[in-house]
Amino acid sequence: MASHVPPGAPRPASKANNPPSSQPPTNFRANPDSLADNLHNLNFNSAPPRAPSPLPGTPFSRQATQPLPPSVSPFPPTFSHPAPFASRPPLVSSASGGLASTGQPVFASGALPGGQQRFPPLGSAPQPPVRPPPTMAMATATARAHPQPQPQPPTTTSRPLIRSSPIRTPPVQPASPFSVAPQARQPPTTAYTYGQPTWPLQPGQGAPPPPITGSPQPPRMYGMPPPLPNQSMTSVSPAVRQTGAPVPGASKIDPNQIPRPIPGSSVILHETRQGNQANPPPPATSDYIVRDTGNCSPRYMRCTINQIPCTADLLTTSGMQLALMVQPLAIPCPSEETVQVVDFGESGPVRCSRCKGYINPFMKFIDQGRRFICNFCGFTDETPREYHCNLGPDGRRRDADERPELCRGTVEFVASREYMVRDPMPAVYFFLIDVSMNAIQTGATAAACGAINQVIADLPEGPRTMVGIATFDSTIHFYNLKRALQQVYNPLMLVVPDVQDVYTPLQTDVVVQLSECRQHLELLLESIPTMFLENRTAESAFGAATKAAFMAMKSTGGRLLVFQSVLPSIGIGALSAREAEGRTHISAGEKEAHKLLQPADKTLKAMAIEFAEYQVCVDVFITTQTYVDIASIAVIPRTTGGQVYYYYPFSAVSDPAKLYNDLRWNVTRPQGFEAVMRVRCSQGIQVLEYEGNFCKRIPTDVDLPGIDCDKTIMVTLKHDDKLKDGSECAFQCALLYTTVYGQRRIRVTTLSLPCTSILSNLFRSADLDTQFACFLKQAASEIPFSPLLLVKDRMTNLCVNILLSYRKFCATVTSSGQLILPEALKLLPLYTLALIKSKGLQTDGRIDERSFWINYLSSISIPLAIPFVHPRMVAIHDLNSKEGDQPLVPPVISLSTEHVNDGGIYLLENGVDCLIYIGNLVDSDILRQLFCISSVDEIPAQFVLQQYDNPLSKKLNDLVNEIRRQRCSYLRLKLCKKGDPSGMQFFSYMIEDKSSSGLSYVEFLVHVHRQIQLKMSS
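Notes on the structure follow. Note that this is a predicted model, so its numbers are computed, not measured. (Residues numbered from 1 in each chain as written. Predicted model: local features only at pLDDT ≥ 70, side-chain atom pairs only at ≥ 80, totals over all residues. Heavy atoms only, no water.)

## Notes on the nonpolar core
Reasoning step 1: Within the largest apolar cluster, 160 residues are counted, with the highest numbers of intra-cluster contacts made by Ile308, Phe430, Phe478, Met677, Phe731, Trp853 and Phe986.
Reasoning step 2: Looking at which element gives the most residues to this core, the answer is helix α17 (residues 788–809), with 10 residues.
Reasoning step 3: Membership of the second largest hydrophobic core comes to 42 residues, among which are Met425, Ala447, Val455 and Val512. (Core = buried A, V, L, I, M, F, W, Y, C linked by side-chain atoms within 4.5 Å. Buried < 20%, exposed > 50% of the residue type's maximum accessible area, 1.4 Å probe, protein only. Helix = DSSP H or I, 4+ residues; strand = E, 2+ residues; numbered from the N terminus.)

Below, the structure is given as structure tokens:
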């Protein structure tokens, strides 16, 4: 630690010795340009865009809808004070009597119906103003006036899941199958980690018992009967023989008592540091509000273990991963303090002269503030003269609470000229549209043009915003947007026929300022579908067109958005249909099947590296009904910091709305250009590897031509020396980037965690969500290079080794008939099973679908990682039974067919797709209210969710919109029924059931237990 008092906490006698100044320090900028400022009160809907006129001969029609009532926008109507990021785009909400998911999308500025915000409100907690940001003195006074509830220290609880029949019957009630094993190292406390649990209990569970003070008994699992006073933990006989063979009838597991996710029903208030110690963060999938008191918010950076092992041997013994998940531009909760912007002028931010670490709350000032000790390398530096301040009696600088960089874990510095190799680049958006025969006939071209036409209004205002557009089939067509200024008709088309040696016909007139060509660009987008209506060219020169568009953007950099519909078959980077080969390999034993998930050759990879060098970020929207070889195409967005969007099979009825929402979110979400990121660690720990969507040219940095609020980068760590027990280990992520308004910024995120030499502390402080996100990303990176059986075995072994270590070294129960699970990782077996059964690890899945699965996981954030493989299922046939102020989302149902009956309707979502299963015996009245059909046989193949004039339909639309808001994604809706391929797709997500893809949940627990017993006996 840098001081004896936690960063951000008031110093003793500070009022007497150094009263806080009413003015911020000179280098503090109450600047409305800060990211958190602009995202302070984000609402999910915005003003309705102008609808383009219907196109003659367009493959899909436009339907009018009613706009939602507008509400107050968190952003000013003008751009007199430019902000680095645009507002958060909405998802289509249901208007009364209008379409909810397709047709002409409708948006409204403000909250969702019912006043729902992206984050739950904090009751009476003070809401910080949108701008200007409060001074640190004001923030400190507010915190003192409104103290937050104090989180309790974490606990470690053992969960025995498998129990055998006792040798002799005890004279009292039989022992519970969930008897608890006391800790071998130190008895944990009985306090709850984040206060008294407020989530609803599952059926059959009882209320959690009150803590027993002075008792060494660890906390029990909720719903577990209390152990009897004379119960012995060693009086159970083994349920599995030492050879691994099961004892007939011995292993017994109550399916109703095995661990399952229980969502919380209240908001968690989290202070990042308290009492000079780091607080373990709440689960990433929970609703929480953060108060930054020295450590960064867990939204920006999380560690897989919240106590760092002192040695590499201790980490190896635990079996766990040591890694950081970094999401530097994550969106904060509106109730949280804004990220402050600090300007040090031309001198730039204060840094360590040896390791170049940035000033942060954990750097210790000495010698009356004249020098400071770096918390990363330990080097002692001279404090710059203009930055000097005397120390208080507690050893902290007297101005520490007024300087964001000295009391906050996340801060943004204004970059000086030394951080620029050129002037900040403009915001350039280049749209590249497939106009081949397949794209025209399926409506993909018309959908892309319609979406772009509406999104133009959402691009940043001002002279720095530039646009370009091109189309392609077997040739490439550029459009002279400057010449359109002197013409009444459409811009001049410039055709590039050579797709082997491409070029840009005009270097200056292809990309122009949006303000100069907006009207002509809109007219061009409206006419493109009819211009190519009779096109009979089936080939696609994707690689050549992408290269040509890059050449047009090469001088500036920017974002290239490509709309692709067919397999690239001609020109640079032409591909062949490898899917047919994949079927042959799979039937032959899949010896080489995984190679189909690798890029076909290195051509596109070499192109992508060149794009990244010139700061061009590529996003690909794949609107297809056939195989397109995503494994090869995705190399370009993955290397340039972009993203792949996959619409299969593309429907001109149901997918245009999703395409528009995805495109609008892509260009308006918080983002930056030409970014460079580096993570620094304290002595003893070093970065081993980065994993995500980026280009890496030197070992220490990652280059990000594009970075946005959704992108997460995994940083794996390793020991290079022994850490001191009781000390702290610090991590700092520095992101240098350019805002869409041309401001060069440095986002600095710092996290300091305690070091420990006690194994049980590692399990007590393990972060389940982050650990499992590492599992997912490791599996995604291994699938293209290893047979699936090996990947599945590796994932299972990762889970087994963690539980084995806990069972062997931390639990004192000696019975081999119990499977002991640490409290923090109790859901690890369930999530591991979900991973093994997921699409990416199935041999019968489509190659493109598995490739998309792999690429989606490469940059997925932690809150979205778990639902992607372990979806959420709720019942919607009884939405009318809810009374009072109930949450929009009904209680979650376990993923088992036992909970799905023929008389119900169930919604299942994983953050990408939303399946609605309709049972065969559903009441016809409910079907009429929800879908305007009278029987299951009338379910349409292409589903459009509409809102009808009845309460049940309104509640379903509100539920769908709420889920889309939570997931930041316009989920594709699909109706499913029994006996249909759609029904098979729905039931494939029933993870807890035994299926062709793997064991049931109970069987998997038994399998894990047997593996542990075998390893313990060997």
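## Comments concerning the pattern of salt bridges
Reasoning step 1: For the structure on display, the rule yields 39 salt bridges.
Reasoning step 2: Between Glu461 and Arg518 there is a salt bridge, and its shortest N-O distance comes to 4.0 Å. Taken together, the residues span a long stretch of sequence, with Glu461 in the loop between α7 (444–455) and β16 (465–472) and Arg518 in helix α8 (residues 514–531) at a distance of 57 residues.
Reasoning step 3: Judged by relative accessible area, which is 37%, Glu461 ranks as partly exposed.
Reasoning step 4: Of the charged contacts in the structure, one is a salt bridge between Arg972 and Asp655, with a shortest N-O distance of 2.7 Å. One end of the pair, Arg972, is in strand β34 (residues 972–977); the other, Asp655, is in the loop between β22 (644–647) and α14 (656–668), and 317 residues separate them in sequence. (Salt bridge = Lys/Arg side-chain N within 4 Å of Asp/Glu carboxyl O.)

## Re the environment of Ala541
Reasoning step 1: When you line up the elements, Ala541 lands in the loop between α8 and α9 (542–553).
Reasoning step 2: Taking the relative accessible area as the measure of exposure, Ala541 reaches 0% and is therefore buried.
Reasoning step 3: For the pair formed by Ala541 and Ile572, sequence separation is 31 residues and the distance between their alpha carbons is 7.2 Å.

## Quick word on the sheet that holds strand β31 (residues 872–875)
Reasoning step 1: Taken together, the 4 strands give an open sheet; going across it, the order is β31-β32-β33-β34, and neighbouring strands pair in mixed fashion. In this open sheet, the two edge strands, each paired with only one partner strand, are β31 and β34. Adjacent strand axes in the sheet meet at a mean angle of 20°, parallel and antiparallel pairs treated alike.
Reasoning step 2: Bridge count for strand β32 (residues 905–909) against strand β33 (residues 913–918) is 5 bridges, and the pairing is antiparallel. Note that in β33 the partner of Leu908 across the bridge is Leu915.
Reasoning step 3: Of the strands in this sheet, β31, β32 and β34 touch helix α22 (residues 951–967), which is tilted by about 15° from β32. (Pairing = 2+ DSSP bridges. Axes fitted to C-alpha atoms, helices over the stretch in contact; angles between N-to-C directions. Contact = heavy atoms within 4.5 Å.)

## Observations regarding the state of the cysteines
Reasoning step 1: A complete count under the given rule lists 0 disulfides for this structure.
Reasoning step 2: Cys377 forms no disulfide, and the closest cysteine sulfur to it belongs to Cys352, at a distance of 3.5 Å.
Reasoning step 3: On the basis of relative accessibility, which here comes to 9%, the residue Cys377 falls in the buried class.
Reasoning step 4: Looking at Cys976, it has no disulfide partner, and the nearest cysteine sulfur is the one in Cys914, 9.3 Å off. (Disulfide = S-S within 2.5 Å.)

Note that all results are geometric; they support no functional claim without further evidence.
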